[in-house]
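Chains, contacts and geometry: an overview
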Amino acid sequence: MKYTFEKAEKSTVKIEITLTETEWKEAIDKAYESTKGRYSLPGFRKGKVPKHLLEQTYGTGIFYEEAINSAFPKYYAEVLKKESSIEAVAAPEIDIKNIDDKGIVMVAIVAVKPDVKLGDYKGINFKKIEYNVKDEDVENDIKRLQDSRSRLVDVKDRAVKDGDTTIIDYSGSVDGVKFDGGTAEKQTLVIGSKTFIPGFEEQIIGMKIGEEKDITVKFPDDYSAENLKGKDSVFHIKLHEIKVRELPELNDEFIKEATGAENLDAYKKEVKDRLVKQNQARADREIEDEIVKKISENASVEIPDALIENQIDSMVEEMEYRLSYQGLKLDDYLKYIGKTREDYRKDYKEQAESIVKSQLVIGKVIEVEKIDASDEEVDEKIKTMAEAQGKKVPDYKKNMGSRQVEYIKNEIIIKKLFDMLKKENIIK
């Protein structure tokens, strides 16, 4: 094998690989052996046709594609092993420059780790971020605890009020014609939740159990269903049940049973301490984001398109994963919002480019500052994790893979990085 390489545009390298006649023949013979089971000719059982007969029948190029698929990864890997300066960060784009029985010339355009030119990343002024915990925050947290232990009780002796939970039938029509999705039976609706069309819930107020009536509402001009945008509609409503949420009494007994805290005052202190920690973590994340944003703006880097496309792939996959939890497919969702996959990917491009640049800049700072995690630091972190789960370190380590250990190491490095950046910049 002979090869040459040269820098191309946008942090890519062009590699030209030339195989000798012998090397190319070996690749073709290998392709024949792996695919001969697909072919049969009169007088021969399937998989038993000699190679030269298949080439005479179907042409000499019959095994070229399979030979390329086999040969390229092998010789491409050899080039990368020999040339440590080519740090590939994405799969290469392959083209065939020349091919015949005497040999082949393959060209690969491969995205490589781009050179990051750091700007200022120390001595920058940042405004301190703080989130104070108010008494109202503590009260709201305890109110959520009450809500979680509440129960719905039936109301029989009055009409619907704002905040009630109702059970209704409804049937909607536009110009006297019912539309898809406009009919339901025994539907739960919390009055004031604003989950239905504007004006719908308000007209339920005052209805009594067993009552039926028609209400008129107008669909918003920006409603998702094209055939209903801005249309006046009539809904026939029947009210079956009225329920109200009954909260447990907020006292020491409730708190002790629900949380294990000694009393209400003790629990309030627990809540405040927890919210203070949460707010501090939130402030830390936001100042770290501000620092990364600023030092990324100060840096310059030519990002290969392949890295951006890879990041978009990850973001689309994440969206598909989230939609699957709602029982939806991405293609169905795209039809609903009126976009193609190509349009959807374009929407992510700017964000993806920003993420990739930030990652590259952070990596460069780590390299320049020589930030690393020692084996002792990794072991100490593992020990802490094991103790938190009440396990002995050897037992805990048994269930750990190399990727998990690498993840822990990266966590330590990133923490060191941000500790350094916060110390070396001015936050006031």
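Everything discussed here concerns the structure shown above.
Quick caveat: nothing in here was measured; it's all calculated off a predicted structure. (Residues numbered from 1 in each chain as written. Predicted model: local features only at pLDDT ≥ 70, side-chain atom pairs only at ≥ 80, totals over all residues. Heavy atoms only, no water.)

Looking only at helices and strands, one finds 12 helices and 13 strands in the protein chain. On C-alpha atoms alone, the protein chain measures out to a radius of gyration of 33 Å, which is more than a quarter above the 22 Å that the 2.2 N^0.38 rule sets for 428 residues. C-alpha atoms of the protein chain, sized along the principal axes, occupy 95 × 65 × 45 Å. Out of the 428 residues in the protein chain, the part that is buried amounts to 34%. (Helix = DSSP H or I, 4+ residues; strand = E, 2+ residues; numbered from the N terminus. Rg over C-alpha atoms; globule rule 2.2 N^0.38 Å. Buried < 20%, exposed > 50% of the residue type's maximum accessible area, 1.4 Å probe, protein only.)

This part covers the nonpolar core. Within the largest apolar cluster, 43 residues are counted, with the highest numbers of intra-cluster contacts made by Ile295, Leu417 and Leu421. Sorting the residues of this core by element identifies α6 (264-298), α7 (305-324), α8 (330-337), α9 (341-369), α10 (375-388) and α12 (402-424) as the ones contributing at least two each. The element that contributes the greatest number of residues to this core is α9, accounting for 9 residues. With near-sequence residues (within four places) excluded, Ile295 lies in contact with Asp120, Tyr121, Ile124, Val361, Val365 and Leu421. Among the nonpolar cores identified, the runner-up in size contains 29 residues, and Val13, Ala27, Ala67 and Val79 belong to it. (Core = buried A, V, L, I, M, F, W, Y, C linked by side-chain atoms within 4.5 Å. Contact = heavy atoms within 4.5 Å.)

Let's shift gears to the sheet that holds strand β3 (residues 93-100). Taken in spatial order, the 4 strands line up as β1-β2-β4-β3 in an open sheet, and their pairing is antiparallel. Single-partner strands in this sheet number two, and they are β1 (2-7) and β3. Neighbouring strand axes in the sheet, compared pairwise and without regard to direction, differ in orientation by 15° on average. Strand direction decides the pairing type here: β3 and strand β4 (residues 103-111), joined by 7 bridges, are antiparallel. By the bridge assignment, Asn98 is partnered in β4 with Val105. (Pairing = 2+ DSSP bridges. Axes fitted to C-alpha atoms, helices over the stretch in contact; angles between N-to-C directions.)

As a further point, take the side chain of Glu288. Inspection of the secondary structure assignment puts Glu288 in helix α6. The residues contacting Glu288, other than those within four sequence positions of it, are Phe418 and Lys422.

Scanning the entire structure with this criterion turns up 15 aromatic pairs. Consider the rings of Tyr170 and Phe196, whose centres lie 5.4 Å apart with planes at 85°: the pair is edge-to-face. Of this pair, Tyr170 sits in strand β8 (residues 165-174) while Phe196 sits in the loop between β9 (177-190) and β10 (212-218), and the two are 26 residues apart along the sequence. Taken together, a centroid distance of 6.0 Å and an interplanar angle of 65° make the contact between Tyr170 and Phe235 edge-to-face. Of the two residues, Tyr170 sits in strand β8 while Phe235 sits in strand β11 (residues 232-246), which places them 65 residues apart along the sequence. Considered together, Tyr170 and Phe235 belong to a single accessibility category, that of buried residues. (Phe/Tyr/Trp six-rings, centres within 6.5 Å; stacked < 30°, edge-to-face > 60°.)

A word on the pattern of salt bridges. Within this structure, the stated rule accounts for 35 salt bridges. Measuring nitrogen to oxygen at the nearest pair gives 3.1 Å for the salt bridge that ties Lys143 to Asp147. Within this pair, Lys143 and its partner Asp147 are both found in helix α4 (residues 135-148), separated by 4 residues, close to a single helical turn. Exposure remark for Lys143: the relative accessible area of 35% places this residue in the partly exposed category. Between Asp395 and Lys398 there is a salt bridge, with its nearest N and O atoms 3.8 Å apart. Here Asp395 pairs with Lys398, and both are found in helix α11 (residues 393-398), just 3 residues apart, close to one helical turn. Members of the salt-bridge network, linked through shared partners, are Lys25, Asp29, Lys51 and Glu55. (Salt bridge = Lys/Arg side-chain N within 4 Å of Asp/Glu carboxyl O.)

Turn by turn, an α-helix covers 3.6 residues, leaving residues three or four places apart pointing in a common direction. When the terminal C-alpha atoms of α10 are compared, their 20 Å separation across 14 residues agrees well with the 20 Å that a helix rising 1.5 Å per residue should span. When we look at burial in α10, the residues that qualify are Val378, Ile382 and Ala386. Down the axis, α10 shows its buried residues gathered within 75° of arc, on one side only. Residues Glu376, Glu387 and Ala388 are exposed on α10 and point more than 90 degrees away from its buried face. Considering only its buried residues, α10 is in contact with α11 and α12. Where α10 terminates, the next one or two residues include Gly390, which has phi positive at roughly 65°. (Expected span 1.5 Å × (residues − 1). Arc of directions from axis to C-beta.)

Below, the discussion takes up the layout of surface pockets. What the largest pocket holds in volume is close to 500 Å³. Lys7, Val112, Lys113, Pro114 and Asp115 are, among the 24 residues lining the largest pocket, the residues nearest its centre. When contributions to the lining of the largest pocket are tallied by element, the ones reaching two or more residues are β1, β2 (12-19), β5 (116-117), β12 (300-301) and α9. No other element matches α9, which puts 4 residues into the lining of the largest pocket. (1 Å grid on protein atoms, 1.4 Å probe; cavity = no way out; pocket = protein on both sides within 12 Å on 5 of 7 lines; lining within 4 Å. Points joined across faces, edges and corners; volume = space filled by probe spheres on them.)

Let us now look at the environment of Glu55. You can see Glu55 is positioned in helix α2 (residues 51-58). The exposure class of Glu55 is buried, given its relative accessible area of 18%. Apart from the residues lying within four places of it in its own chain, the contact partners of Glu55 are Ile28, Thr60, Ile62 and Phe63.

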